[in-house]
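Now for the letters of each chain:
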Amino acid sequence: MMNHDLREGIPALDGSLDLIYHSHFLEHISYTDGITFLKECYAKLADGGKMRILVPDLEKWAKAYLNNDRFFLEEYVKEALDPALYVTNAAIFMGMLHNHDHRCGYDFDTLKWVLEHVGFTNVKKTLYASSEYVENIFEIEPQQPVRIMESLCVECRK
């Protein structure tokens, strides 16, 4: 396993990787840069290679905002925002989007479309810390309540 700043590209030869894992990265680059990045992932994976992606689930966030899900929103504030300033649903939602340099949002339909557009197959939603592809997933995805609550987890194959 290697940790690397993916904004600098993937340090591997085309077709050389069996697995790519990235968590809460894709939302930090623009939609078009995300497509370019996923094309690079596809190129770096060997035939039959696998990828696991975690991003904040825009659908969950939108529902929490619209349905006044104070539990969801307040749990996020406890972990990531100043509770004295982030009080209203809109402030919390926008704080999640803009205070952490998020540049794009994904729901499952959008991420699935992009992955299939790039060439990936078997695109499926999974649970946090549950993977067919990644051994020792609990070491990579520790039990962090906010991550569990807000993450969209997707796996796919080349």
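Report on the accompanying structure.

## Here we look at the side chain of H102
Piece 1. Following the sequence through the fold, H102 ends up in the loop between α4 (89-98) and α5 (108-118).
Piece 2. Within the local environment of H102, its side chain forms a polar contact with the backbone oxygen of M96, the two atoms lying 2.9 Å apart.

## Structural notes on empty space enclosed by the protein
In this approach a probe as big as a water molecule rolls over the atoms, and the regions it shows empty are the leftover space.
Piece 1. Taken as a whole, this structure holds 1 cavity of 30 Å³ or more when the rule is applied.
Piece 2. In this structure, the largest cavity encloses a volume near 60 Å³.
Piece 3. Together, E27, P56, D57, L58, W61, M96, L97, H102, C104, G105 and Y106 line the largest cavity.
Piece 4. Its residues assigned to classes, the lining of the largest cavity comprises 7 nonpolar, 2 polar and 2 charged.

## Details of the pairing of strand β2 (residues 45-56)
Looking along a regular strand, one sees side chains alternate from face to face of the sheet.
Piece 1. In terms of residue burial, β2 counts as a mostly covered element, since 9 of its 12 residues are buried.
Piece 2. Alignment of strand β1 (residues 17-23) against β2, held across 6 bridges, turns out to be parallel. Looking across to β2, one finds that S23 is bridged to L54.
Piece 3. Handedness of the crossover joining β1 and β2 through helix α1 (residues 31-44) is recorded here as right-handed.

## Structural notes on the packing of helix α2 (residues 58-66) against helix α3 (residues 70-80)
Piece 1. Where α2 meets α3, the axes come as close as 8 Å, and the angle between the chain directions of the two elements is 115°. On the basis of their axis angle, the class for α2 and α3 is roughly perpendicular. Residue-level contacts link K60, W61 and A64 of α2 to F72, L73 and Y76 of α3.
Piece 2. In the contact of α2 with α3, the residues fall into 5 nonpolar, no polar and 1 charged.

## Some words on the environment of K112
Piece 1. By the element assignment, K112 lies in helix α5.
Piece 2. Note: C-alpha distance between K112 and K125 (13 residues apart in sequence) is 8.9 Å.
Piece 3. Among the polar contacts listed, one links the side chain of K112 to the side chain of E116, at a separation of 2.7 Å.

So, how was this worked out
Residues numbered from 1 in each chain as written. Predicted model: local features only at pLDDT ≥ 70, side-chain atom pairs only at ≥ 80, totals over all residues. Heavy atoms only, no water. Helix = DSSP H or I, 4+ residues; strand = E, 2+ residues; numbered from the N terminus. Polar contact = N/O pair within 3.5 Å; in protein donor to acceptor, adjacent residues only side chain to side chain. 1 Å grid on protein atoms, 1.4 Å probe; cavity = no way out; pocket = protein on both sides within 12 Å on 5 of 7 lines; lining within 4 Å. Points joined across faces, edges and corners; volume = space filled by probe spheres on them. Nonpolar A, V, L, I, M, F, W, Y, C, P; charged D, E, K, R; others polar. Buried < 20%, exposed > 50% of the residue type's maximum accessible area, 1.4 Å probe, protein only. Pairing = 2+ DSSP bridges. Right-handed = clockwise from strand over helix to strand, strands pointing away. Axes fitted to C-alpha atoms, helices over the stretch in contact; angles between N-to-C directions. Parallel < 35°, antiparallel > 145°, perpendicular 65-115°, else oblique. Contact = heavy atoms within 4.5 Å.

All we've got here are geometric facts, nothing functional implied.
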